[in-house]
Amino acid sequence: MNRKTPRGRLDWRQLLDWLRDDGWITPADAERVVRRFGAGASSLHALVRLGGAGLVRAGSGEALDTEALTAWLAGRAGLPYLRIDPLRVDVGRVAEVMSVHYAESRRALPVAVSPTEVTVATAEPFDVAWVPEIEAHTRRTLRLVVANPEDVRRYTTEFYALAKSVRAAQKSGEVSAAASFEQLVELGRAKGTLDANDQGVVQVVDWLWQYAFDQRASDIHLEPRREMGAIRFRIDGVLHTVYQVPLTVMGAMVARIKLLGRMDVVERRRPLDGRIKTLRPEGGGEVEMRLSTMPTAFGEKLVMRIFDPETVVKGVEALGFGAAEARAWQELTGRAHGIILVTGPTGSGKTTTLYATLKALANETVNVCTIEDPIEMIEPAFNQTQVQPAIDMGFAEGLRALMRQDPDIIMVGEIRDLQTAEMAIQAALTGHLVFSTLHTNDSASAITRLADLGVPPYLISATVIGVLAQRLTRTLCPACRQPDEGASREALEAMVKPWRLSGGVRAYKPVGCLECRHTGYRGRAGLYELLVMDEGARAHVHPTLDADALRRQGIKGGMRPLRLAGAMKVAEGLTTIEEVLRSTPSLN
């Protein structure tokens, strides 16, 4: 269709006419909007104003919000549509393309810079008189893409504020001579130290946390490299590089965070631990972060693990147990005494499961006590104690002290040695319900692990009442997943022989979109394998203990292996065969 190319800023009346001409809205809808808006002026962008008018696409009933209207306009303008992903924008480089005032006045935001091209997101695709000016300034070809005007406005403010804070922080000092093993001696240059309380540093750290919370990050990594410092977020179990900052700025950021975490700012030669509690900017919810530093070749590396009470302390029903596992878990945790073990690798969700279970059990009639290293989340319903190796207060010593505190339910962060195992067994034998964790591949291996520590089989049989092995597997993005014709019932059943899956199979495959950062996955789900130590299982706990025989007995008693639990998630369309194979041990 031949259309005369318009020039200048968008007008909502013109957009309304185009929507009607393209058949996206009916003439009656167009007239209704004209009557509603009248002749009054508005400071809102034309797309934003129409996006709030409650329009729906003729024929399909699709809501025409600002995002949908932006995608439509991009097609009409003959330009690519882009939904800005802040994790993929090199803020430092794009801020050099144009000033913040220039970007705000043009309603344009640079989003990518290559040696030959600059990509600029614009909310005004027909206002392009400024393009030659930027091409001459950058000596690169300019490529326009159309983006949501609200995103352009928001990220223009955020990106330029961050770049300004980094520049201000960088001007305040230079890297310390001891920061890198490869540091060159530069004669004749003053060596200032960047203050952790410098305003630029404070703003960068505040941005870092807010950004991590917005992006659902579980961990923040500050990693010094040879030339620059890398900031990475772990999201859904995968690390994403977010930003790179000068080493001077990264050193000051680490010092700022250590200061807030009440850590020794001067000590950089040995690992340190700390914690920070902060508030979300929106809603004011509390968020706790566990801090850990480690000296590396190029400076001090800092990792912050984020514990959001809204996601960590879930209800038991939100953990994702199957119906059979939920009933068995409720029965186990309702007993008066015994040991319940939760096992799995680091990052498999053991802490979430334990906290959710303890929170469900805690009430005014019971005394719930924990001994942890470190305390993951502060929970008012528990009496929590942290181990202190410096004063010889380990798990065994802490557990011994807890026994004199009249506990009903005890949680030991981890059974690492025979002494701790013996104290946990003593607690269970004297009428307490004990929860703890181990690092093993499956539930049956937890029993052999206790035997390897030196616990007599008869004590294991007398005290351990259940073992829960678990994993976290990435779930498919609901916005872009597509049916996977190749993932047949035969393929799924071959993965979990000799079991048979019941019901219909709705297998999907990952595609990738902006909602999931083009990974095809968004969020994670728990896979659980619950071994109940009934009479049949206890009969296999003897001096010649065989984990495989115990596993087979558990399966006879109704235990669902981790891989089978994963296959059922695949059959429900929640994840993929590849994810289950990656995250669960073999059934052999």
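Residues numbered from 1 in each chain as written. Predicted model: local features only at pLDDT ≥ 70, side-chain atom pairs only at ≥ 80, totals over all residues. Heavy atoms only, no water.

As recorded by an unreviewed UniProt entry, the protein chain carries the name Flp pilus assembly complex ATPase component TadA and is attributed to Rubrivivax benzoatilyticus. Entered under Sequence similarities (unreviewed entry) in the UniProt record, the comment concerning the protein chain runs "Belongs to the GSP E family." (UniProt positions renumbered as here; feature names shortened; annotations may be inferred.)

Engineer: Which parts of the structure should I look at to understand the overall build of the protein chain?
Structural biologist: For the protein chain, the helix and strand inventory stands at 22 helices and 18 strands. Buried residues in the protein chain amount to 50% of all 588 residues. Across the protein chain, the fraction of contacts at a sequence separation of at least 24, relative to all contacts at a separation of at least 6, is 64%. If you sum the accessible surface of the protein chain, you get close to 27900 Å²; carbon and sulfur atoms cover 50% of it. (Helix = DSSP H or I, 4+ residues; strand = E, 2+ residues; numbered from the N terminus. Buried < 20%, exposed > 50% of the residue type's maximum accessible area, 1.4 Å probe, protein only. Contact = heavy atoms within 4.5 Å. Areas by Shrake-Rupley, 256 points an atom, 1.4 Å probe, with all protein chains shown as cover.)

Engineer: Help me out: how do you make sense of the packing of helix α14 (residues 395–402) against helix α15 (residues 418–429) in this one?
Structural biologist: Axes are the key here: two packed helices are described by the angle between their axes and the distance separating the axes. The contact between α14 and α15 brings their axes to 8 Å, and the two run at 20°. Our classification of the angle between α14 and α15 gives roughly parallel. The two elements α14 and α15 cross, and the hand of that crossing is left-handed. In this structure, α14 contributes Phe395, Ala396, Glu397, Leu399 and Arg400 to the contact, and α15 contributes Gln419, Thr420, Met423 and Ala424. Here the contact of α14 with α15 is composed, by residue class, of five nonpolar, two polar and two charged. (Axes fitted to C-alpha atoms, helices over the stretch in contact; angles between N-to-C directions. Parallel < 35°, antiparallel > 145°, perpendicular 65-115°, else oblique. Left-handed = near helix turned anticlockwise from the far one by under 90°. Nonpolar A, V, L, I, M, F, W, Y, C, P; charged D, E, K, R; others polar.)

Engineer: Where do I start with the nonpolar core in this structure?
Structural biologist: In a soluble, globular protein the nonpolar side chains are often hidden away together inside. Of all hydrophobic cores here, the largest spans 65 residues; its most connected members are Trp130, Leu208, Leu222, Ile231, Phe233, Ile257 and Met304. When residues in this core are grouped by element, the largest group, nine residues, is from helix α9 (residues 199–214). With near-sequence residues (within four places) excluded, isoleucine 231 lies in contact with Leu208, His221, Leu222, His240, Thr241, Val242, Tyr243, Val245, Met250 and Met253. Grouped together as the second largest cluster of nonpolar side chains are 37 residues, Phe395, Leu399, Leu450 and Val541 included. (Core = buried A, V, L, I, M, F, W, Y, C linked by side-chain atoms within 4.5 Å.)

Engineer: Looking at this structure, I do not really get unusual backbone geometry. What am I missing?
Structural biologist: Most peptide bonds take the trans configuration, and most residues that are not glycine carry a negative phi. Within the chain, arginine 216 stands out as a residue other than glycine whose phi angle is a positive 65°. Secondary-structure assignment places arginine 216 in the loop between α9 and β4 (219–224). Although it is not a glycine, aspartate 392 sits at a positive phi angle of roughly 55°. On the secondary structure map, aspartate 392 appears in the loop between β12 (383–386) and α14.

Engineer: Hey, could you run me through the pairing of strand β14 (residues 433–438) in this one?
Structural biologist: The side chains of a regular strand alternate between the sheet's two faces. Judged by how many residues are buried, β14 sits mostly within the fold: six of six residues are covered. Taking every second residue as pointing to the same face, both faces of β14 are buried, with Leu433, Phe435 and Thr437 on one and Val434, Ser436 and Leu438 on the other. In this structure, strand β10 (residues 338–343) lies alongside β14, joined through six bridges in parallel fashion. Looking across to β14, one finds that isoleucine 340 is bridged to phenylalanine 435. Two elements, strand β13 (residues 409–412) and β14, share four bridges in a ladder whose sense is parallel. The residue bridging isoleucine 409 from the neighbouring strand is leucine 433, located in β14. On the question of chirality, the crossover connecting β13 to the parallel β14 by way of α15 is right-handed. (Pairing = 2+ DSSP bridges. Right-handed = clockwise from strand over helix to strand, strands pointing away.)

Engineer: Please clarify how the environment of glycine 566 should be interpreted in this entry.
Structural biologist: If you trace the backbone, glycine 566 turns up in helix α21 (residues 562–571). Sequence-distant contacts of glycine 566, that is, excluding residues within four places in its chain, are made with Leu527, Thr575 and Val580.

Engineer: Honestly, the sheet that holds strand β2 (residues 117–122) in this entry has me stumped. Any pointers?
Structural biologist: The pairing of strands in a sheet comes from backbone hydrogen bonds and takes either a parallel or an antiparallel form. Taken in spatial order, the three strands make up an open sheet running β1-β2-β3, and their pairing is mixed. Two strands close off the open sheet at either side, each with one partner strand: β1 (108–113) and β3 (141–146). Strand-to-strand twist of the sheet, defined as the mean angle between neighbouring strand axes without regard to direction, takes the value 30°. Looking at chain direction, β1 and β2 are connected through five bridges and run antiparallel. Along β2, the bridge assignment pairs leucine 109 with alanine 121.

Engineer: Help me understand the UniProt feature "domain: Bacterial type II secretion system protein E" (unreviewed entry) in the protein chain in this model?
Structural biologist: According to UniProt, the feature "domain: Bacterial type II secretion system protein E" (unreviewed entry) maps to residues 403–417 in the numbering used here. The annotated region residues 403–417 carries 0% helix and 27% strand content, and the separation between its end C-alpha atoms amounts to 18 Å.

Engineer: Help me understand helix α2 (residues 27–37), please; the structure alone is not making it clear to me.
Structural biologist: An α-helical turn contains 3.6 residues, so any two residues separated by three or four positions project in the same direction. If you check which residues of α2 are buried, you get Asp29, Ala30, Val33 and Phe37. An end-on view of α2 places all buried positions within 100° of arc, on one side of the element. Exposed and facing more than 90 degrees away from the buried side of α2 are Ala28 and Arg35. Tucked into the core, α2 has its buried residues touching α1 (12–21) and α3 (46–51). Downstream of α2 by one or two residues, glycine 38 has phi in the positive range, about 60°. (Arc of directions from axis to C-beta.)

Engineer: Just checking my understanding: could you explain helix α20 (residues 547–556) for this structure?
Structural biologist: All of the buried residues along α20 are Ala547, Ala549, Leu550, Arg551, Gln553 and Gly554. Looking at the packing, one finds that the buried side of α20 touches α16 (443–453), β18 (521–532) and α19 (535–538). Sitting at the head of α20, aspartate 546 places a side-chain oxygen 3.0 Å from the backbone nitrogen of aspartate 548. Just beyond α20, the residue with positive phi is glycine 558, at close to 110°. (Polar contact = N/O pair within 3.5 Å; in protein donor to acceptor, adjacent residues only side chain to side chain.)

Engineer: How should the packing of α1 against helix α4 (residues 66–77) be read in this particular structure?
Structural biologist: Two elements in contact, α1 and α4, have axes separated by 12 Å at closest approach and are oriented at 80°. The angle between the axes of α1 and α4 places the two elements in the roughly perpendicular class. Residues Leu15, Trp18, Leu19 and Asp21 of α1 form the contact with α4, whose own contacting residues are Leu69, Trp72, Leu73 and Arg76. Classifying every residue of the contact of α1 with α4 by side-chain character gives six nonpolar, no polar and two charged.

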